[in-house]
Structure formats: structure tokens, C-alpha cells
Amino acid sequence: MSLKKSDRPVGPAVVPVKFVMEDPEGLTGKTDPIAEFKGGEGQSLLELAMDHGINIEHACGGVCACSTCHVYVEQGEKSLSEAVEAEEDRVEEAPGLQRNSRLSCQCIIEGKGPIVVRVPAWNRNAVKE
Ligand code: FES
């Protein structure tokens, strides 16, 4: 499914976000496991990743109706929107659930960062809905 673009206003790309990929080839076709970009306030981590060729699964199109966009926020969680109940319910379905688990489509950049996100390898094999 294609990513549903939000109509949130997005600020200038000034917030540093680092993606650490457990399966970089599966996500990008390249072997480098680290990718760093600048995101803008109002942008989701999934949108930022997809804009830069990191193909995180998003079976529901980014509307909090699956758990395939699961990531771990390793740093900078205070620079992201807080998880609402709907996200907490969904993310519990993700394999490998951890305390820092989030759905990347629901993580909206709201602060100055820096943000570090780990993308688990098994997201690539998640069952599509
Ligand atoms: S893409 Fe389905 S919940 Fe994020």
C-alpha cells in the first residue's frame, strides 16, 4: 500500500534523525546500516524514511491500522509526539515488542532532536494485511 501523505504542515528540515537498519539491503538496496537525515517538525518518522529511500513496511498506508512500521526509538523520544492509546494497542501486536517500541507512522517530529531510530530486520517479513 502506498503511504498516505498527511496534510500536517511540515517545518524546515533541521531536526537530525539517524536510522540504524538491521537489514539495510532489504530496506534500501545498499549495505550501509546507518543513514542520517534532517526532518521537519510535523513530519512522521515513516514519511522521513520513505522520502529518503528507506522502505519501512507500512501495510496500512500509515494510518495506525497495522504494526508493520514498528521501530525502536533509541534516542530523542521527547522530540516525538507521545503515543496515543490507539498506537499503544497496535504496537503490542508487533513482534519483538520493547519498551521503546513505536509505530513510525505515528511518531511525529515535535522537538529539536537528535533522534535515533532502529529499524528491526524482521519488519521486512511481516505479514501483509
Ligand atoms: S503503517 Fe500501519 S501502523 Fe504504521
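Everything below is about the structure printed above this text.
Below you will find a few notes about this structure. (Residues numbered from 1 in each chain as written. Predicted model: local features only at pLDDT ≥ 70, side-chain atom pairs only at ≥ 80, totals over all residues. Heavy atoms only, no water.)

## Focus: the pairing of strand E3 (residues 70–75)
Phase 1: Direction of pairing for E3 relative to strand E4 (residues 101–103): antiparallel, over a ladder of three bridges. Note that in E4 the partner of Val71 across the bridge is Arg102.
Phase 2: When E3 meets strand E5 (residues 115–119), the two strands line up antiparallel, connected through three bridges. Looking at E5, one finds that Gln75 is bridged to Val116. (Pairing = 2+ DSSP bridges. Helix = DSSP H or I, 4+ residues; strand = E, 2+ residues; numbered from the N terminus.)

## Looking at the nonpolar core
Phase 1: In this structure, Val17, Phe19, Leu45, Ile54, Ile56, Ile109 and Ile115 are the most contacted members of the largest nonpolar core, which totals 27 residues.
Phase 2: Among the secondary structure elements, those contributing two or more residues to this core are strand E1 (15–21), strand E2 (34–39), helix H2 (45–51), E3 and E5.
Phase 3: For Phe19, the contacting residues outside a window of four places in its chain are Pro33, Ile34, Ala35, Phe37, Leu45, Leu48, Ala49, Ile54, Val117 and Val119. (Core = buried A, V, L, I, M, F, W, Y, C linked by side-chain atoms within 4.5 Å. Buried < 20%, exposed > 50% of the residue type's maximum accessible area, 1.4 Å probe, protein only. Contact = heavy atoms within 4.5 Å.)

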